[in-house]
Amino acid sequence: MGGLGILSEDGGLVFGRGWRDAGNGRKNVLIIHPALEQPTPTTIDRLAHEYSLKDELDSTWAVRPLELVRDRGQATLVLEDPGGELLGSLLGTPMEVGRFLRIAVGLAAVLGKAHRRGLIHKDIKPANILVNIASGEVRLTGFGIASRLPRERQPPDPPEVIAGTLAYMAPEQTGRMNRSVDSRSDLYSLGVTFYEMLTGSLPFSASDPMEWVYCHIARQADPPGERARGIPEVLSSIVMKLLAKTAGERYQTAAGVEADLSRCLSEWQSHGRIDPFLLGAHDTPDRLLIAEELYGRESEINALLTAFDRVVAQGTPELVLVSGYSGVGKSAVVNELHKVLVPPRGLFAAGKFDQYKRDIPYATLAQAFQTLIRQILVKSEAEVAQWRRALAEALGAHGQLMIDLVPELEFIIGKQPAVPELPPQETQNRFKLVFRRFLGAFATPEHPLALFLDDLQWLDAATVELIEHLVTHSEVRHLLLVGAYRDNEVGPTHPLLRTLQAIKTADARVAEIVLAPLGPDDVGRLAGSALHCDAERALPLAQLVHEKTGGNPFFAIQFLTELAEEGLLAFDPTVPSWQWDLDRIRAKNYSGNVVDLMAAKLRRLSAPTQDALKQFACLGNAAETFILILVQGETIHTAFGEAVHAGLVVQQERTYKFLHDRIQQAAYSLISDAYRADVHLSIGRVLLASMTSDQLAEHLFDVANQLNQGAARLIDRDEKAQVATINLRAGRKAKASAAYASALAYFSAGTALLDENDWSSRYELAFNLWLERAECECVTGAFDTASQLIDQLLPRAASKLDEAAVYNLKVRLHTLKSENHDAVATALTCLRQLGIDMPAHPT
């Protein structure tokens, strides 16, 4: 293979022409290889991904891969050479209208074929389009980040690391629009490409990645007709329709674009002009695309965005509470913040409480700040150094406390000294102070912070205290703390409501947003948009959907999706429009419960996928890929593929997560009550056996929780002792973070696994669990239980040292209860046991 002539160098890849030996001589080929001698793994992965699509790419509309050659850390992708040149080489000045239309019609046609094959390209641009001017043929290349999924969510990662090309990127592909990426994202990039063809320049210019993001999500481009002369008004309108910020306002299909451009070409060739006509007349999609617009939520979104604007302008922290039933759209409303964070360079961190992980202290805060730390780690060394200085200054000698919370922090600030042990109250105060400083390093005038904590109804006791502390301390600035919770699951005695009352009493700024179910009109708008028909025609169906779902948005969307999957909503290409039969839908007698509806959907998946989802549900609403691989093996991506394609599970770089709690709940419900403990125990055993010591230390709470939920099935005494030891470690880890209620849960689980015989055979384990539990009962105010445990411990102490530890705890208990006389008497008794006789009233 040889003779490489470079056609372009773009995105870390060199694209060129070459040849290789064939049976009857030399054959021209196209070659793509990394620009660097030591390419990043991401670059190699993109070449491998494009090669993996070879059987789905057709030579009539795509440049088809032939071979992937790997050699000593390098990779070269060899492709067919259909002739022609890259579109990028034809640009720089405005293109003549006739030539533009001939290329544009072909380009829309080949993109439509890619979409019909189930592919989203995600990187449409002139450097990935091959044009043969003589034959008029157009082909796509550059499928290195193409997706086989009908839609996917791009998280709001730093723009420097988002896959794709920022100058051509659809707004939702930036992760800042609270919308999914689908085939219409390619149509936006097609619009940017058309704009450049017609005017000779891009619609926007920017000096850094975040400015590109801002341009795409917030700035309106000048119409092409204002940039260059001689562009017919209709062509200008087609391009501007493609460049709409929200996917619902764009063309919905490449076929719709092709139809309008073909009409333009016909008129231009016939009489040199294009008369105005209605755009999009042939643009009804043949698959159900339910709009992600938040119908009926305008005032609530405005209240949230106004609160953030106040934080930016004044620096005063605010707490915004968003409440409503499950599925009513709380998270969707909060995620609208992403758009307004861009101009002030704001940061967004989010964590979600899990109903099955209530004893893991600060897990949700750890999840939120883990996201921020990972975003820092991909930045340039100069930016990482700035963060290193800021964090080191904020944390001082207490960095290890935050590394215990977010292990990745160590990659920024390095190894930190151990922090000294302190009495419980001082430990609590120190943790709150250090966390406040840690938070302050992120929430600054240069980058205000929006911290979103979801599902507060499941929050742990340690986090609820910390939230109150953060909101009521005036030195915390430039922070918008947003909490979402299901108000129907929070009763008058719930710790969240008590904390909120304390926050309001302290005169902190608190706003409350209550989300009600959608009314019939809003459900009508949702249905009409999905089915591309007017509200009047959609009204009877919308009324039925509202009646069945009670106006719950998540339920309504799932219900419509279910109707399409069952064929009760169907696209008729002869009309062309969507059709439905209300009588058949009513006769189907669908469940009025969203969990039952989702469970029925899950049961239609293959058995391996169902089994994978059941185990996943036991792990929580999200799980790191490496943990899923430990539990289920390397086939996890295959097992989850079906669920990801169905939109039930979302795959991100390092994690999988359920799209919604109700899906997790439905997957969990597929495990019969009689077997749930067995499944949890099996998962706990696998994790314990498979993890390295470092992995176990990092995921100690996860392992302990699985084993505890399966503890009823433990029989072997040695295994019970092993699980009790895990609980002792987990309790001490929680206690080190001043999360005493969580620590108590682990110590209690540990003591429950031991019996009388263990006091002789495993004395040290038994004594430590009982002593730690007694201390946590004491600190959390359960004085009677603490007293009973101390009385049981004293006669069991096997050494003077252990006896002294129990007496010490008993003195603290008396002191907390203001029983000072008893505290002195206990201390003197302890001293006498140690051979020190001191009078109660010394001279």
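So, here is what we can say about the structure in this document. Here the structure is a predicted model, which means the values were calculated and not measured. (Residues numbered from 1 in each chain as written. Predicted model: local features only at pLDDT ≥ 70, side-chain atom pairs only at ≥ 80, totals over all residues. Heavy atoms only, no water.)

Some thoughts on the pairing of strand β5 (residues 74-80)
The criterion, for reference: Only protein chains enter the area calculation, which uses a 1.4 Å probe; residues under 20% of their type maximum are buried, those over 50% are exposed, and those in between are partly exposed. What counts as a helix is a DSSP run of H or I of at least four residues, what counts as a strand is a run of E of at least two, and both are numbered from the N terminus. One requirement defines pairing of two strands: DSSP has to find at least two bridges between them.
Most of β5 is tucked away, with 5 of its 7 residues classed as buried. Alignment of strand β4 (residues 65-71) against β5, held across 6 bridges, turns out to be antiparallel. Bridging from a neighbouring strand, L68 pairs with L77 of β5. Linkage of β4 to β5, two consecutive antiparallel strands, is achieved through a turn of 2 residues, within which R72 is found at a positive phi near 50°.

Quick word on the nonpolar core
What counts here: Only buried residues count toward a nonpolar core. Its members are Ala, Val, Leu, Ile, Met, Phe, Trp, Tyr and Cys residues joined through side-chain atoms within 4.5 Å. Every residue pair with non-hydrogen atoms within 4.5 Å of one another is taken to be in contact.
Membership of the largest hydrophobic core comes to 172 residues, with the highest contact counts inside it found for F369 and F442. The element that contributes the greatest number of residues to this core is helix α33 (residues 763-779), accounting for 10 residues. In contact with F442, not counting residues within four places along its chain, are L347, F369, L372, I373, I376, W387, L391, H447 and L449.

A short note on the sheet that holds strand β9 (residues 318-323)
Our working definition: Axis geometry follows a simple rule: fit a line to the C-alpha atoms, using only the stretch in contact for helices, then measure angles between N-to-C directions, giving values from 0 to 180 degrees.
Overall, parallel pairing links the 5 strands, which are arranged β10-β11-β12-β9-β13 in an open sheet. Of all the strands in the sheet, the pair left with one neighbour each is β10 (347-352) and β13 (510-514). Along the sheet, successive strands turn relative to each other by an average axial angle of 15°, direction set aside. Of the strand pairs in this sheet, β10 and strand β11 (residues 449-454) are connected by 6 bridges, and their pairing is parallel. Bridge pairing in β11 places F348 opposite A450.

Describing the packing of helix α27 (residues 673-690) against helix α29 (residues 700-709)
Put simply, the rule is: Whether a crossing is left-handed or right-handed is set by the direction in which the near helix is turned from the far one by less than a right angle, anticlockwise for left-handed and clockwise for right-handed. Only Asp, Glu, Lys and Arg are considered charged in this grouping, and only Ala, Val, Leu, Ile, Met, Phe, Trp, Tyr, Cys and Pro are considered nonpolar; every other residue, Gly among them, is considered polar.
Put simply, α27 and α29 touch, their axes get as near as 7 Å, and they point 145° apart. Of the two possible hands of crossing, α27 and α29 adopt the one that is left-handed. For the pair α27 and α29, contact is made by A677, H680, L681, I683, G684, R685, L687 and L688 and by V703, Q706, L707 and Q709, respectively. Each residue belonging to the contact of α27 with α29 can be placed in one class, and the counts come to 7 nonpolar, 4 polar and 1 charged.

Here we look at the layout of surface pockets
As a reminder, the rule being used: Two kinds of site are reported from a 1 Å grid over the protein atoms alone, namely cavities, where a 1.4 Å probe fits but cannot get out, and pockets, open sets with protein on both sides within 12 Å along at least five of seven lines, and residues are called lining when an atom falls within 4 Å of a point. Grid points are joined across faces, edges and corners, and a volume is the space filled by probe spheres set on the points.
Of the voids in this model, the second largest pocket is the one considered here, and its volume is about 710 Å³. Lining the second largest pocket are 29 residues, with M210, R345, L347, K379 and H447 sitting closest to its centre. Only α4 (209-218), α10 (337-341), β10, α11 (363-377), α12 (381-395) and α15 (424-442) provide two or more residues apiece to the lining of the second largest pocket. Per element, the largest residue contribution to the lining of the second largest pocket is 4 residues, and it comes from α12. Classifying every residue of the lining of the second largest pocket gives 15 nonpolar, 6 polar and 8 charged.

Examining empty space enclosed by the protein
For the structure shown, the criterion picks out 3 cavities of 30 Å³ or more. By volume, the largest cavity amounts to about 100 Å³. Lining the largest cavity are R151, E172, R179, S180, D182, R184, T246, A247, G248, A291, E292 and E293. Here the lining of the largest cavity is composed, by residue class, of 2 nonpolar, 3 polar and 7 charged. Around the second largest cavity, the lining comprises 14 residues; the ones closest to its centre are L319, L321, L456, I467 and L496. Residue assignment for the lining of the second largest cavity shows that the elements contributing at least two residues are β9, α16 (461-472), β12 (479-485) and α17 (495-505). Residue contributions to the lining of the second largest cavity peak at 4 residues, all from α17. A breakdown of the residues in the lining of the second largest cavity according to their chemical character gives 12 nonpolar, 2 polar and no charged.

Digging into the pattern of salt bridges
Put simply, the test is: Salt bridge criterion: a side-chain nitrogen from Lys or Arg within 4 Å of a carboxyl oxygen from Asp or Glu.
Applying the stated criterion across every chain, the model contains 52 salt bridges. Here R486 ties to D661 by a salt bridge, and the two come within 3.2 Å at their closest N and O atoms. Placement of R486 in the loop between β12 and α17 and of D661 in helix α26 (residues 661-669) is noted, with a sequence separation of 175 residues between them. A salt bridge links E756 to R796; the nearest nitrogen and oxygen atoms lie 2.9 Å apart. Residue E756 is located in the loop between α31 (740-752) and α32 (758-761), and its partner R796 is located in the loop between α34 (783-793) and α35 (800-816); the two are separated by 40 residues in the primary sequence. Bridged by salt links that share partners, the residues K352, D454, D455, R486, E489 and D661 form one connected network.

Here we look at the packing of aromatic side chains
Aromatic ring pairs are reported here in terms of the distance separating the ring centres and the angle at which the planes meet. Here is the rule we go by: Two aromatic rings, drawn from Phe, Tyr or Trp (for Trp, its six-membered ring), form a pair once their centres lie within 6.5 Å of each other, and the interplanar angle then sorts them: stacked below 30 degrees, edge-to-face above 60, tilted otherwise. Geometrically, a lysine NZ or arginine CZ counts as sitting over a ring once it is within 6 Å of the ring centre and also within 35 degrees of the ring normal.
This structure, assessed with the given rule, holds 18 aromatic pairs. For the pair F369 and F435, a centre-to-centre distance of 5.7 Å together with 90° between the ring planes defines the contact as edge-to-face. Residue F369 is located in helix α11, and its partner F435 is located in helix α15; the two are separated by 66 residues in the primary sequence. In terms of burial, F369 and F435 fall into one category: buried. When the centroid spacing of 5.5 Å and the interplanar angle of 50° are considered together, the rings of F369 and F442 count as tilted. With a gap of 73 residues between them, F369 in helix α11 and F442 in helix α15 connect regions that are remote in the sequence. Pair check on accessibility: F369 and F442 agree, each one buried. Linked through ring pairs, Y362, F369, W387, F431, F435, F438 and F442 together constitute an aromatic cluster. If you follow K54 out to its NZ or CZ, it ends over the ring of Y51, 4.5 Å from the centre. A cation over a ring is seen here: K241 above Y251, with NZ or CZ 5.3 Å from the ring centre.

A short note on unusual backbone geometry
Residue P576 is bonded to the preceding V575 through a cis peptide linkage, with omega at -15°. In this fold, P576 is placed in the loop between β14 (569-572) and β15 (577-580). In this structure, A738 takes a positive phi of about 65° despite not being glycine. Checked against the element boundaries, A738 lands in the loop between α30 (717-736) and α31.

Re the sheet that holds strand β6 (residues 85-86)
The strand order across the open sheet formed by 3 strands is β6-β7-β8, and the pairing between neighbours is antiparallel. Lying at the two open borders of the sheet, with one neighbouring strand each, are β6 and β8 (138-140). One ladder, built from 3 bridges, connects strand β7 (residues 129-131) with β8; its direction is antiparallel. Directly across from V131, in β8, lies its bridge partner V138. Strand contacts of helix α2 (residues 97-116): β7 and β8, with the helix running at about 40° to β8, the strand carrying the most contacts.

Focus on the packing of helix α3 (residues 183-199) against helix α7 (residues 254-271)
To be explicit about the condition: Any angle that is under 35 degrees is reported as roughly parallel, and any over 145 degrees as roughly antiparallel; angles of 65 to 115 degrees are reported as roughly perpendicular and all others as oblique.
The interhelical angle for the contact between α3 and α7, taken along N-to-C directions, is 30°, at an axis separation of 11 Å. Our classification of the angle between α3 and α7 gives roughly parallel. In the crossing of α3 with α7, the sense of the turn from one axis to the other is right-handed. Of the residues in α7, those touching α3 at L187, L190 and F194 are A254, V257 and L261. For the contact of α3 with α7, a count of residues per class yields 6 nonpolar, no polar and no charged.

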